[in-house]
Amino acid sequence: FFTLFSFLIPFLRNLAVRRFKMHLEAVLDEGPFDRINIVAHSFGTYLTINALASLNPVDRTRIDTVILCGSVLPPDWNLSQTIGANRVVRRLINDCGNRDGVLLLTLLVYGVGMGGRLGLHGFQGKHLVNRHFNIGHSGYFEGSPDDQSAFMRRWWVPLLLGDDHVAANDDRPEKPALVDRDHLGGAVEGQRPRLQQEGGNGQRDHRHIAHDAHPRH
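Source: prediction; values computed, not measured.

Draft legend 1. View of the nonpolar core. If you look at the biggest cluster of nonpolar residues, it comprises 34 residues, and the most contacted ones within it are Y46, L52, I63, V66, L68 and L92. For this core, the elements supplying multiple residues, two or more each, are helix 2 (10-28), strand 2 (35-41), helix 3 (43-53), strand 3 (63-69) and strand 4 (89-97). With six residues, helix 3 is the largest single contributor of residues to this core. Those residues in contact with L92 that sit more than four places away from it in its chain are I49, V66, L68, I83, L120, H127, L128 and V129. Among the nonpolar cores identified, the runner-up in size contains 14 residues, and F151, W155, W156 and L160 belong to it.

The following block contains the structure:
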């Protein structure tokens, strides 16, 4: 966990990234692993992507799947050196909440943004996909009254335990909210996510890393 003050100050955010990178490297050094996945939420998405961007795919075990939700990354964050062929991350899924009001606060903070509400810019395909759900900032973990894990089991577990294609979902309204329209890039508005299926057989040992770093008041 990180304090709200640390989240607001870029220098302190960078220190948090450095600490998380050290933790991640320590986990990777425990390998080899057949597969490593990471799920990150909120400020944890900022720490995760920045830490991964500084890893060398030649020296480190490659991350198979990264799932971001409620991301505070700016939509135009450059992912070209982080995901894709011969990069640190094979594929990245960015799950967005259309009703994520918490991310509106990032408009007041330098260096972060509404990537978990608007999506991340880039060429969508087998390495990057944005999915849009009609939920709020923590809706990924709320599920239903009878099943708090319903969302995670339906949308995440198949990706973390197998090589299934990413099931597309786009609940965006035909007319985005005014605040969203002001920050949407034409290159991404109206695109529907898709991810080609990548085959994989056999049972493997998996390492999953979940990171949720809510700023504390």
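Draft legend 2. Representation of the environment of R154 within the structure. Within the secondary structure, R154 sits in helix 5 (residues 150-155). On a C-alpha basis, the gap between R154 and A167 in space is 9.7 Å, while along the polypeptide they are 13 residues apart.

Draft legend 3. Expanded view of the pairing of strand 3. Of all seven residues in strand 3, seven are buried, a share of seventy percent or more. Direction of pairing for strand 2 relative to strand 3: parallel, over a ladder of five bridges. Residue pairing across strands places N37 opposite T65, the latter belonging to strand 3. Here strand 3 runs beside strand 4; their pairing, made up of six bridges, is parallel.

Draft legend 4. Spatial organisation of helix 3. When you tally the buried positions in helix 3, you get nine out of 11 residues, the bulk of the element. Within helix 3, the full set of buried residues consists of F43, G44, T45, Y46, L47, T48, I49, A51 and L52.

Draft legend 5. Fine view of the packing of helix 2 against helix 3. Where helix 2 contacts helix 3, the two axes come as close as 9 Å, and the packing angle between them is 65°. It follows that helix 2 is roughly perpendicular to helix 3 by the angle criterion. Considering how the two elements wind past one another, helix 2 and helix 3 form a crossing that is right-handed. Together, R13, N14, A16, V17, F20, K21 and L24 of helix 2 and F43, Y46, L47, T48, N50, A51 and L52 of helix 3 make up the contact between the two elements. Considering only residue class, the contact of helix 2 with helix 3 consists of nine nonpolar, three polar and two charged.

Rules behind the numbers
- Residues numbered from 1 in each chain as written.
- Predicted model: local features only at pLDDT ≥ 70, side-chain atom pairs only at ≥ 80, totals over all residues.
- Heavy atoms only, no water.
- Core = buried A, V, L, I, M, F, W, Y, C linked by side-chain atoms within 4.5 Å.
- Buried < 20%, exposed > 50% of the residue type's maximum accessible area, 1.4 Å probe, protein only.
- Helix = DSSP H or I, 4+ residues; strand = E, 2+ residues; numbered from the N terminus.
- Contact = heavy atoms within 4.5 Å.
- Pairing = 2+ DSSP bridges.
- Axes fitted to C-alpha atoms, helices over the stretch in contact; angles between N-to-C directions.
- Parallel < 35°, antiparallel > 145°, perpendicular 65-115°, else oblique.
- Left-handed = near helix turned anticlockwise from the far one by under 90°.
- Nonpolar A, V, L, I, M, F, W, Y, C, P; charged D, E, K, R; others polar.

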